[in-house]
Amino acid sequence: MKGLDGLLELARSATAEGGRLLGTVGPGEVHSKGDRDFVTDLDLQIQRSIREHLGRATPDIGFLGEEQEPNDPEHVAPEFRWVLDPIDGTSNFIHGVPLCAVSLALTQNDVPVLGVIVAPLLNLEYYASAGHGAFCNSHRIKASHTQSVSQAIISIGDYAVGDDASNKNRHRLAVTTALAAQAERVRMFGSAALDLAWVAEGRTDACILLTNKPWDMAAGVVIARESGALVTDSDGSPHTMHSAHTVAANPGISASLLELIAIAMEGAEG
């Protein structure tokens, strides 16, 4: 198997092809996956293209994609696994909002060791590998140095849809209310990959994603960590692919932000 540098270059080339498609091809047919949850023909096309690209070069590495058939035996995780979201922010893409991206990571024993996020409609490419820093368009990036939530721009993940959405949204709405009272500004971008990448780049100071699907998070988690951001579960424990939630923040506000989340979520339970 290639070394980590070679695998990062492979991931960048595969993701670039997905980004080319995302930037030049329309969504095609839009299909419902459930309550307010959609997949387009282009999601499926990008996933096939990237999977074939990676499969030719690394047949010994497993693959997990968001649009994979649920009975596919490759959902069983080997030591190394490619993890792909062919279009993160599909609803944005369908509606012509350019906040969408191709997100690809490599995990080792469920720990992300490299990640690439390409947002072609914004002309942005983010990438990182463990121990080698994070980059955007070939320039090194670092998390911000904001020291106060009151001076921070903080993004939040989408509200829940589907089964048990109203119960899940009690926590999301409580956290939103707490942020509205304390943060400089609150944003909802509709793409977890960009939420994490923009914390890494210092465009925002933190993001709170009360979910943890591997295809949404894996690439952004390693990019954020390599930028110097702290990535944790909402209870402050180190983030893993098995965490309940995903919180990324610069070190200056991480502790106070986690306290805010804890108080808001406890209040929602009351």
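Quantities reported herein were computed from a predicted structural model and do not represent experimental measurements. (Residues numbered from 1 in each chain as written. Predicted model: local features only at pLDDT ≥ 70, side-chain atom pairs only at ≥ 80, totals over all residues. Heavy atoms only, no water.)

Caption draft 1: Representation of the packing of aromatic side chains in the model. Across all of its chains, the model carries 2 aromatic pairs by this definition. Both rings, one in Y127 and one in F135, keep their centres 5.4 Å apart while their planes meet at 15°; by these two values the pair is stacked. Assessed through its relative accessible area of 21%, F135 is described here as partly exposed. With centroids separated by 4.9 Å and ring planes inclined at 85°, the aromatic side chains of F189 and W198 adopt a geometry described as edge-to-face. (Phe/Tyr/Trp six-rings, centres within 6.5 Å; stacked < 30°, edge-to-face > 60°. Buried < 20%, exposed > 50% of the residue type's maximum accessible area, 1.4 Å probe, protein only.)

Caption draft 2: Highlighting helix 4 (residues 165-182). In this model helix 4 runs 26 Å from its N-terminal to its C-terminal C-alpha over 18 residues, within 8% of the 26 Å that 1.5 Å per residue would give. Three or more residues of helix 4 are buried, namely A165, N169, H171, R172, A174, V175, T176, A178 and L179. Those residues of helix 4 that are buried are in contact with strand 10 (153-156), strand 11 (185-187), strand 12 (206-209) and helix 7 (254-269). (Helix = DSSP H or I, 4+ residues; strand = E, 2+ residues; numbered from the N terminus. Expected span 1.5 Å × (residues − 1). Contact = heavy atoms within 4.5 Å.)

Caption draft 3: Looking closely at the environment of V118. Note on placement: V118 falls in strand 6 (residues 111-119). The class for V118 is buried, based on a relative accessible area of 10%. Each C-alpha atom of the pair V118 and S49 lies 15 Å from the other, and the pair is 69 residues apart in sequence. Ignoring any residue separated from it by four or fewer positions in sequence, one finds V118 in contact with T15, G19, C100, A101, V102, L124 and E125.

Caption draft 4: Molecular detail of the pairing of strand 6. By the criterion of burial, strand 6 is predominantly enclosed, with 8 of the 9 residues buried. Pairing of strand 5 (residues 101-108) with strand 6, which is carried by 7 bridges, proceeds in the antiparallel orientation. Among the inter-strand pairings, V102 is bridged to a residue of strand 6, identified as V118. Taking the residues that link successive antiparallel strands as the turn, the strand 5-strand 6 hairpin has 2 residues, and the phi of N109 there is positive, at about 50°. The sheet contact formed by strand 6 and strand 7 (residues 124-129) spans 6 bridges and is antiparallel. (Pairing = 2+ DSSP bridges.)

Caption draft 5: View of the side chain of S234. Relative to the assigned elements, S234 resides in the loop between strand 13 (230-232) and strand 14 (246-249). One polar contact links S234 to H245, side chain to side chain, over a distance of 2.8 Å. Sequence-distant contacts of S234, defined by excluding residues within four places in its chain, comprise H245, V247, L258, I261 and M265. (Polar contact = N/O pair within 3.5 Å; in protein donor to acceptor, adjacent residues only side chain to side chain.)

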